[in-house]
Structure formats: structure tokens, C-alpha cells
Amino acid sequence: MRIDFHTHPVLIQEMVDKYPNYARMARNVFQIGNNFQPLETFHLQMDVAGIDRAVLLPIDCERARGDAVSSNEQVADLCSISNRFIGFASVDPLKEGAAKELEQAVKKMGLKGLKLDPALQDFELRDSKVYDLYEAAAGLNIPVLVHTGMSWAPSTLIERGHPMLLEEAIARFQKLNFVLAHWGWPWVWEATALALKYPNVYLDTSCLYYDSPREFFQFVFSKQIPTTLLERSLRNRMLFGSNYPRVEIKNMVYALGTLELTEGCLKKVFEENPGRLLGLK
Amino acid sequence: MIIKLEKIRVQTRKAEEAIDITPQVDEVVSKTGVKQGLVNVMTCHTSSGLLVTEGIPCLEEDILTHFSRLFPEDENYHHHRYLDYDGRLGFNAETHLKSILGGISCSFPIEDGKIVRGSRQTIYFMEYDGPLLRTYMVQVLGE
């Protein structure tokens with residue numbers, strides 16, 4: 001089963017019709033301009049890319065931006081409609097009762113992980129309240145996916161997502177698996193170093209900020225970071241992530257395929273690593 | 001003078017495909033009741049197209065294959081950059097170029113309430129960047 005570990009359900013027409021703020025948040029906060037599409041298109045995009053299941057990531061940025069960019073409720077709603085989706089929860093670490101809210105999202109809504117975005121949610125990764133949330137996630141035995149590196153969203157600071165801001169938490173919560181989204185770009189070596197040192201660090205490939213996906217991957221994962229490093233040292237820590245709909249899934253699958261990675265390594269990236277992290281049989 | 005405009009949606013299912021929309025265009029013309037006039041068909045998108053050719057699968061495949069040969073995905077396109085108005089990168093230059101080359105519209109005369117076209121002419125909606133829910137327009141003018 002091939003999994004896309006990084007998608008945002010922000011352009012689904014059925015959700016526009018059902019949730020009043022959905023479209024506004026997609027346009028004004030997430031800043032995406034593409035047309036809304038029926039849920040069927042999401043599934044077809046997965047089909048043409050050869051992806052079986054997709055992780056849906058919400059962002060609870062109500063305090064910072066007025067509402068969520070996809071809420072836990074919306075994600076749970078979509079997961080109830082399609083068994084091809086795996087929903088994550090997002091809670092605001094600075095909100096009173098954040099840990100309890102996460103527990104409810106996991107136990108009552110069936111969500112399988114925690115998504116945090118320090119830029120859009122406007123918090124410091126080293127804030128002690130975030131550590132309370134890590135404690136809760138560890139207790140629930142779920143992974144935490146953190147937006148690291150570049151953020152396109154206006155009124156956000158890129159530096160909020162520096163991967164090294166996570167090192168202390170990674171070292172402290174050794175039983176909690178951290179996914180550093182977007183490979184921490186532009187701090188790709190810092191993200192790589194964390195994955196090399198700490199066994200509880202994973203990196204997702206949803207990394208594209210200029211040129212085409214193939215050109216970007218060829219530079220970052222070949223010239224900047226040697227492909228041999230991925231193959232030899234990180235094959236058990238890489239996750240395929242597309243960042244759909246900021247990029248079509250098929251383009252990211254194609255780009256990854258142009259790297260000189262073995263079939264065995266790609267199987268880990270698409271299937272085994274995400275499966276293990278999500279506890280899928 | 002009657003002028004009718006209809007917008008028709010089509011869910012494409014592949015990254016690239018040629019979809020025969022001739023029956024849908026015929027139906028729009030028939031519904032308007034126009035006996036003498038003109039019908040114009042146009043896609044609403046810049047990475048899809050509208051073209052007319054013989055309606056056989058081998059040609060459908062040839063068109064897509066040779067458009068891809070003319071405009072390969074991996075060429076050095078200026079469009080491969082971040083587009084702030086879209087909140088994403090534009091790395092689909094080749095799909096726009098295919099749309100330009102193949103065209104985005106076609107017109108046919110209407111006589112006795114029916115489209116006049118050659119026996120082998122088929123109207124295709126061309127998807128170059130799917131799968132997506134797409135829209136094309138059919139406008140009928142006449143009396």
C-alpha cells in the first residue's frame with residue numbers, strides 16, 4: 001500500500017458547500033488560488049500517481065488567523081466518507097486544554113497523528129506548552145508531523161520552522177516519532193543531521209520551492225544532499241509526501257522516481273516507513 | 001436572433017486524455033431550437049484544449065504522444081517558478097503550450113437544426129493536466 005504522508009484537504013468542493021469558512025480560509029490564509037474540485041478529483045489524483053492512501057493534515061490556527069485551515073471535524077468527516085484517507089489532528093499548543101483536545105481527537109474522532117505548524121499557528125517550537133502536547137502525543141502513541149522550513153503563507157516568519165528548534169524535544173521525547181515536513185528546506189542539512197542522529201526523526205519529501213519537481217529533487221537530493229546518503233543512511237526514515245494540492249501528487253512521485261534510488265528503498269519510502277509509523281498492518 | 005450559452009462540466013480521469021464531446025454539443029444545438037446559425041465550443045481552461053479530428057483511438061494517442069514530444073515535461077521553461085497569486089509553483093508550462101498548439105475552440109455551421117460537419121469530424125475536449133473537473137462552453141447563435 002503506497003501512502004502520501006502530506007496532503008491538505010483545502011480544495012474540496014463538498015466541504016465548501018458544508019462549512020461556511022472553509023473557502024475563505026483556503027483562499028486568504030492558506031493562500032491557494034486553484035479551483036475547488038469534487039472529492040472524486042482527489043481520489044483520481046491519487047490513482048494516476050499510484051497512491052493508495054493519503055494522510056490529511058488540518059491546521060488549527062483559529063487563535064492566530066481566525067479559524068482552522070481544515071479542522072479536525074472536517075478531516076474526520078472526510079475519513080468517514082473515504083477509507084483511502086488517514087486523518088491527523090491539529091490543536092493549538094497555546095490553547096487551554098490542548099492536550100485534552102488532542103486526546104479527544106484521537107480517541108473519539110479516530111485521528112492518527114498530530115500536525116503542528118509553528119508559522120501558521122504562531123507559536124515558538126521551544127515553548128513549554130508545546131512540550132505538554134508532545135507528552136500527550138507520546139502517551140497516545142501517535143506521530144507528530146511538524147511543518148519545518150519555508151512557509152509561503154503571508155504574515156508568517158520562516159524562522160519559526162527552523163528544524164534545529166526541535167532538537168531538544170526530539171532528544172527529550174525519545175519514544176515520540178517526529179516527522180519533519182518539507183525536509184526542513186532550506187535547512188535540509190540540519191533536518192538531515194537530526195534524522196541521522198535521532199532514531200525518532202522522519203523526513204517527508206514534500207519539498208518544492210522553485211523549478212519543477214524533477215529539477216528541485218535533482219538538485220536537493222543529488223547535488224546538495226548525496227542520493228547515496230538517502231539510500232544508505234535514511235532509507236528507513238524517509239516518507240513520501242506531496243504537499244497536494246500545492247503540487248499534484250503525480251509530479252512528486254515522478255520527481256522521486258528520477259533519483260537513483262533502488263526499488264527496495266522506494267518501497268520503504270512509499271510503503272514500509274509510513275505503514276510502520278501509522279501502525280498499519 | 002437566438003443566442004444561447006451553456007456551460008458543461010466534464011470530470012477528466014487521467015493526466016492526459018481526449019474525450020469525445022460531439023454528442024453533448026449536438027444535444028445543446030438541438031435543445032436551442034436554432035435552425036440556421038453557428039455553434040462555437042470553447043474550453044474554459046488554459047491547460048486543456050478543444051480540437052477537431054477523426055474520431056479514432058489511434059489518432060487520439062498520436063496527438064497526445066506527439067504533443068508530448070514537442071513539449072516535453074522536462075524542458076527549461078520560465079514558468080517553473082512560484083506563482084504568488086496561486087500559492088504554488090507553476091511547473092505545467094508544457095500543458096499550456098499543448099493547449100495553444102491544439103487550440104481551445106472550434107466552430108461549426110448549423111443548418112436545419114443540426115451541426116454541419118464532415119463525416120469523420122469529431123469534437124474533442126483535450127485534457128493535458130488532469131485529472132480535474134473541467135468546464136467547456138457551447139454557444140449557439142442563429143434563428
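Going by the structure above, here's the rest.
Residues numbered from 1 in each chain as written. Chains lettered and ligands numbered in written order. Predicted model: local features only at pLDDT ≥ 70, side-chain atom pairs only at ≥ 80, totals over all residues. Heavy atoms only, no water.

**Structural notes on the state of the cysteines**
Residues and elements named next belong to chain A.
Now for step 1: All chains considered together, the criterion is met by zero disulfides over all chains.
Now for step 2: For the unlinked cysteine Cys 79, the closest cysteine sulfur is that of Cys 61, found at 19 Å.
Now for step 3: For Cys 79, a relative accessible area of 23% translates into the label partly exposed.
Now for step 4: As a non-bridged cysteine, Cys 207 has Cys 265 as the owner of its nearest cysteine sulfur, 16 Å distant.
Now for step 5: Since its relative accessible area comes to 0%, Cys 207 is described here as buried. (Disulfide = S-S within 2.5 Å. Buried < 20%, exposed > 50% of the residue type's maximum accessible area, 1.4 Å probe, protein only.)

**Some words on the environment of Val10(A)**
Residues and elements named next belong to chain A.
Now for step 1: In this structure, Val 10 sits in the loop between β1 (3–7) and α1 (13–18).
Now for step 2: In the structure, Val 10 is positioned 214 residues away from Gln 224 in sequence and 32 Å away in space, judged by C-alpha atoms.
Now for step 3: Ignoring anything within four residues of it in the chain, the contact list for Val 10 reads Tyr 22, Ala 26, Phe 30, Ile 32, Phe 36, Val 69, Ser 70 and Pro 245. (Helix = DSSP H or I, 4+ residues; strand = E, 2+ residues; numbered from the N terminus. Contact = heavy atoms within 4.5 Å.)

**A word on the side chain of Lys115(A)**
Now for step 1: Note on placement: Lys115(A) falls in strand β4 (residues 114–116).
Now for step 2: The side chain of Lys115(A) is buried and forms no salt bridge, while Asp117(A), the nearest opposite charge, is found at 4.4 Å. (Lys, Arg positive; Asp, Glu negative; His and termini not counted. Salt bridge = Lys/Arg side-chain N within 4 Å of Asp/Glu carboxyl O.)

**Quick look at the sheet that holds strand β1 (residues 2–11) of chain B**
Residue and element names in this part refer to chain B.
Now for step 1: Spatially, the five strands line up as an open sheet ordered β1-β10-β3-β7-β8, and their pairing is antiparallel. Edge positions in the sheet fall to β1 and β8 (114–115), since each has one partner strand and no second.
Now for step 2: In this structure, strand β3 (residues 37–43) lies alongside strand β7 (residues 105–111), joined through six bridges in antiparallel fashion. Its bridge partner being in β7, Asn 40 is matched across the sheet by Ser 107. (Pairing = 2+ DSSP bridges.)

**Focus on the packing of helix α6 (residues 98–107) of chain A against helix α7 (residues 128–140) of chain A**
Relative orientation and spacing of two packed helices are given, respectively, by the angle between their axes and the distance between those axes.
Residue and element names in this part refer to chain A.
Now for step 1: Two elements in contact, α6 and α7, have axes whose closest approach is 9 Å; the angle formed by their N-to-C orientations is 25 degrees. In terms of orientation, α6 and α7 fall into the roughly parallel class. Seen along the crossing, α6 lies across α7 with a hand that is right-handed. Where α6 abuts α7, its residues Ala 98, Ala 99, Leu 102, Glu 103, Val 106 and Lys 107 lie against Leu 133, Ala 136, Ala 137 and Leu 140.
Now for step 2: Considering only residue class, the contact of α6 with α7 consists of eight nonpolar, no polar and two charged. (Axes fitted to C-alpha atoms, helices over the stretch in contact; angles between N-to-C directions. Parallel < 35°, antiparallel > 145°, perpendicular 65-115°, else oblique. Left-handed = near helix turned anticlockwise from the far one by under 90°. Nonpolar A, V, L, I, M, F, W, Y, C, P; charged D, E, K, R; others polar.)

**Some points on the nonpolar core**
Now for step 1: Leu102(A), Tyr134(A) and Trp183(A) are the most contacted members of the largest nonpolar core, which totals 96 residues.
Now for step 2: Element by element, the count of residues in this core is highest for α7(A), at seven residues.
Now for step 3: With 20 residues, the next largest nonpolar core counts Ile8(B), Val39(B), Leu50(B) and Phe125(B) among its residues. (Core = buried A, V, L, I, M, F, W, Y, C linked by side-chain atoms within 4.5 Å.)

**Some words on the sheet that holds strand β9 (residues 121–127) of chain B**
All names here are of chain B.
Now for step 1: Spatial strand order, β2-β9-β4: three strands in an open sheet with antiparallel pairing. Edge positions in the sheet fall to β2 (17–20) and β4 (48–54), since each has one partner strand and no second. Between one strand axis and the next, the sheet turns by 35 degrees as a mean value, whatever way the strands run.
Now for step 2: Note that β4 and β9 share seven bridges and pair antiparallel. Within β9, the residue paired with Thr 53 across the bridge is Thr 122.

**Quick look at the pairing of β9(B)**
Residues and elements named next belong to chain B.
Now for step 1: In terms of burial, β9 is largely enclosed, as six of its seven residues are buried.
Now for step 2: By the bridge criterion, four bridges tie β2 to β9 in an arrangement that is antiparallel. Bridge pairing in β9 places Ile 19 opposite Phe 125.

**As for the packing of helix α2 (residues 57–70) of chain B against helix α3 (residues 93–102) of chain B**
Residues and elements named next belong to chain B.
Now for step 1: Following both chains from N to C, one finds α2 and α3 inclined at 120 degrees, their axes separated by 10 Å at the closest point. When the interaxial angle is binned, α2 and α3 end up oblique. For the pair α2 and α3, the sense of crossing is right-handed. Here Phe 67, Ser 68 and Leu 70 of α2 come into contact with α3, specifically with Lys 98, Leu 101 and Gly 102.
Now for step 2: Tallied by class, residues from the contact of α2 with α3 come to three nonpolar, two polar and one charged.

**Quick notes on the packing of aromatic side chains**
Now for step 1: Summed over the entire model, instances satisfying the criterion amount to 20 aromatic pairs over all chains.
Now for step 2: Aromatic pair Phe240(A) and Phe270(A): ring centres 4.9 Å apart, planes at 35 degrees, arrangement tilted. Placement of Phe240(A) in the loop between β8 (238–239) and α12 (249–257) and of Phe270(A) in helix α13 (residues 263–277) is noted, with a sequence separation of 30 residues between them. By the burial criterion, Phe240(A) is buried, and Phe270(A) matches it.
Now for step 3: A network of ring pairs unites the aromatic residues Trp152(A), Trp185(A), Tyr209(A), Tyr210(A), Phe216(A) and Tyr82(B) as a single cluster.
Now for step 4: The lysine or arginine in question, Arg2(A), covers the ring of Phe270(A), its NZ or CZ lying 4.0 Å from the ring centre.
Now for step 5: The ring of Phe30(A) has Arg246(A) lying over it, and the distance from NZ or CZ to the ring centre is 3.9 Å. (Phe/Tyr/Trp six-rings, centres within 6.5 Å; stacked < 30°, edge-to-face > 60°. Lys NZ or Arg CZ within 6 Å of the ring centre and 35° of its normal.)

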